[in-house]
2 protein chains.
Amino acid sequence: MRSVRDAIDIIEGKWKLPILIALSGGSKRFGQLTRHVEGISDKMLSKELKDLELNRLVSREASEDLQAGVEYSITDHGRSLEKVMRELYAWGLEHRRMIIGD
Amino acid sequence: MRSVRDAIDIIEGKWKLPILIALSGGSKRFGQLTRHVEGISDKMLSKELKDLELNRLVSREASEDLQAGVEYSITDHGRSLEKVMRELYAWGLEHRRMIIGD
């Protein structure tokens, strides 16, 4: 039960999944992320990135182009959430069909 | 994304999963459930059962023994959450190992 709760703690909330989805399409700089994750404030993005980094779902490194500053990438551990999300997605679709579709 | 959110809305919160886990072991009456789901108040259990019923995860029927009152059971749709929970559990274990285990 505690492990299930740990997993839910990571994925609940409004922003973490959209950020991870944006990064699964490729590494991005802070400014690029704000454009990809619609509606997020700089302050919130900064907070969520720190939290994702602490949880080793996202890594942060200086870009090869030093002018460009730091880049954020999804880690292998972050990608391992994709399987969980596929299950959640499949179940959510079926649930929506069942509850709303009739 | 909306489907993933739907699924998370169902499983987040403190009580729904423990209630479903208790019922996956067999149908139970209200009083039995309060004993199985440690720490839940009658008021909260009543609220959560109504919500689970609305979402078709739990069904409520008169017990064969009329003296015994109504019984709550997990539905097939409720059981379909088990696969999602197994993924959440596996990922949460791995996450805990990774973050706390070193």
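Above this note sits the structure.
Cut-offs applied
- Per-chain numbering applies: the sequence of each chain, read as written, is numbered from 1 onward.
- Both sets of labels track the order of writing: A upward for chains, 1 upward for ligands.
- Given that the model is predicted, a residue must reach a pLDDT of at least 70 before its local features are reported, and side-chain atom pairs must reach 80 or more before they are shown or counted; all residues, however, enter totals for whole chains, interfaces and linings.
- Note that water and hydrogens are dropped before the side-chain values are worked out from all heavy atoms of the structure.
- Numbering of helices and strands starts at the N terminus; helices are DSSP runs of H or I of at least 4 residues and strands are runs of E of at least 2.
- Burial here depends on accessible area, computed with a 1.4 Å probe over protein chains only, as a share of the maximum for the residue type. Under 20% is buried, over 50% is exposed, and the range in between is partly exposed.
- Throughout, a contact is declared for two residues whenever any of their heavy atoms are within 4.5 Å.
- For every accessible area listed, the method is Shrake-Rupley and the probe measures 1.4 Å; residues are considered covered only by the protein chains on display.
- For the purpose of counting charges, residues Lys and Arg are taken to be positive, whereas Asp and Glu are taken to be negative. His and the chain ends are not included.
- To locate a charge, take NZ of a lysine, CZ of an arginine, CG of an aspartate or CD of a glutamate.
- By definition here, a helix of n residues has an expected span of 1.5 Å times n minus one.
- Picture the helix axis, draw a direction to every C-beta atom, and the arc is the one those directions span.
- Put simply, buried Ala, Val, Leu, Ile, Met, Phe, Trp, Tyr and Cys residues joined by side-chain atoms within 4.5 Å make one nonpolar core.
- Simply put, an axis is a line fit to the C-alpha atoms, just over the touching stretch for a helix, and the angle between two N-to-C directions goes from 0 to 180 degrees.
- Roughly parallel here means an angle under 35 degrees, roughly antiparallel means over 145, roughly perpendicular means 65 to 115, and every remaining angle is called oblique.
- Any two strands are treated as partners once DSSP identifies two or more bridges connecting them.
- A 1.4 Å probe defines the accessible area here, and the buried area is the portion of it lost by two parts on being joined, summed over both.
- Salt-bridge detection follows one rule: a side-chain nitrogen of Lys or Arg within 4 Å of a carboxyl oxygen of Asp or Glu.
- Polar contacts, as counted here, are pairs of nitrogen or oxygen atoms within 3.5 Å of one another; within protein the pair requires one atom able to donate a hydrogen and one able to accept it, and residues that are adjacent in sequence qualify only if both atoms are side-chain atoms.
- Residues are grouped as follows: Ala, Val, Leu, Ile, Met, Phe, Trp, Tyr, Cys and Pro are nonpolar; Asp, Glu, Lys and Arg are charged; every other residue, Gly included, is polar.

(A) Focus on the overall build of chain A. Per the secondary structure count, chain A includes six helices and three strands. Each helix and strand of chain A, ordered N terminal to C terminal, gives the series α-α-β-α-α-β-β-α-α. Each principal axis of the C-alpha atoms in chain A carries an extent, and together these give about 55 × 30 × 20 Å. Out of the 102 residues belonging to chain A, those deemed buried represent 39%. Taking contacts inside chain A between residues at least 6 apart in sequence as the whole, the part at least 24 apart equals 44%. When the accessible surface of chain A is totalled, it reaches about 5,800 Å², and 49% of it is carbon and sulfur. Charge separation in chain A, taken as the distance between the mean sites of 17 positive and 17 negative side-chain charges, equals 3 Å.

(B) Representation of helix H6 (residues 81-100) of chain B within the structure. With 20 residues, H6(B) should cover 28 Å at 1.5 Å per step; its first-to-last C-alpha distance of 27 Å lies within 8% of that length. Those residues of H6(B) that fall on the buried side of the exposure criterion are B:Leu81, B:Val84, B:Met85, B:Glu87, B:Leu88, B:Trp91, B:Gly92 and B:His95. Each buried residue of H6(B) lies within a common arc of 155° when the element is viewed along its axis, so the set occupies one face. For H6(B), exposure combined with an orientation more than 90 degrees from the buried face picks out B:Arg86 and B:Arg97. Considering only its buried residues, H6(B) is in contact with helix H1 (2-11), helix H5 (76-79) and helix H6 (81-100) of chain A together with helix H1 (2-11), helix H2 (16-24) and helix H5 (76-79) of chain B.

(C) Up close: the environment of A:Leu52. Residues and elements named next belong to chain A. Tracing the chain through its elements places Leu 52 in helix H4 (residues 42-54). What makes Leu 52 buried here is its relative accessible area of 0%. Excluding residues that lie within four positions of it along the chain, Leu 52 makes contacts with Lys 16, Ile 19, Leu 20, Leu 57 and Val 58.

(D) Main features of the nonpolar core. A:Ile19, A:Leu88, B:Ile19 and B:Leu88 are the most contacted members of the largest nonpolar core, which has 52 residues in total. Among all residues touching B:Leu88, those that are not within four sequence positions of it are A:Ser3, A:Val4, A:Ala7, A:Ile8, A:Ile11, A:Val84 and B:Ile11.

(E) The packing of H6(A) against H1(B), seen in detail. Running from N to C, H6(A) and H1(B) point in directions that differ by 85°, and their axes come no closer than 7 Å. Compared by their axis directions, H6(A) and H1(B) come out roughly perpendicular. Contact residues: A:Met85, A:Leu88, A:Tyr89, A:Trp91, A:Gly92, A:Leu93, A:His95 and A:Arg96 in H6(A); B:Arg2, B:Ser3, B:Val4, B:Asp6, B:Ala7, B:Ile8, B:Ile10 and B:Ile11 in H1(B).

(F) Looking closely at the sheet that holds strand E1 (residues 28-29) of chain A. All names here are of chain A. Pairing in this open sheet of three strands is antiparallel, and the strands run E1-E3-E2 from one edge to the other. Of all the strands in the sheet, just E1 and strand E2 (58-62) have a single pairing partner and so form its edges. Relative to the sheet, helix H2 (residues 16-24) contacts E1, E2 and strand E3 (70-74), its axis offset from that of E3 by approximately 100°.

(G) Expanded view of the sheet that holds strand E1 (residues 28-29) of chain B. All names here are of chain B. On the basis of which strands lie adjacent, the open sheet formed by three strands has the order E1-E3-E2 and antiparallel pairing. Each edge of the sheet is formed by a strand with only one pairing partner; in this case those strands are E1 and strand E2 (58-62). Lying over the sheet, H2 contacts E1, E2 and strand E3 (70-74), oriented at roughly 100° with respect to E3.

(H) Summary view of the side chain of A:Thr75. Relative to the assigned elements, A:Thr75 resides in the loop between E3 and H5. In this view, A:Thr75 contacts A:Arg56, A:Leu57, A:Val58 and A:Ser59; residues no more than four positions away in its chain are not counted.

(I) Up close: the interface of chain B and chain A. The interface is formed by 38 residues belonging to chain B together with 38 residues belonging to chain A. Summed over both partners, the interface of chain B with chain A buries about 3,600 Å², with 66% contributed by carbon and sulfur atoms. Put simply, chain B and chain A have four salt bridges between them. The interface formed by chain B and chain A contains 10 residue pairs in polar contact (both at pLDDT 80 or more). Breaking the side of chain B that touches chain A down by element, the ones donating at least two residues are H1, H2 and H6 of chain B. At 15 residues, the largest contribution of residues to the side of chain B that touches chain A is made by H6(B). Classifying every residue of the side of chain B that touches chain A gives 20 nonpolar, seven polar and 11 charged.

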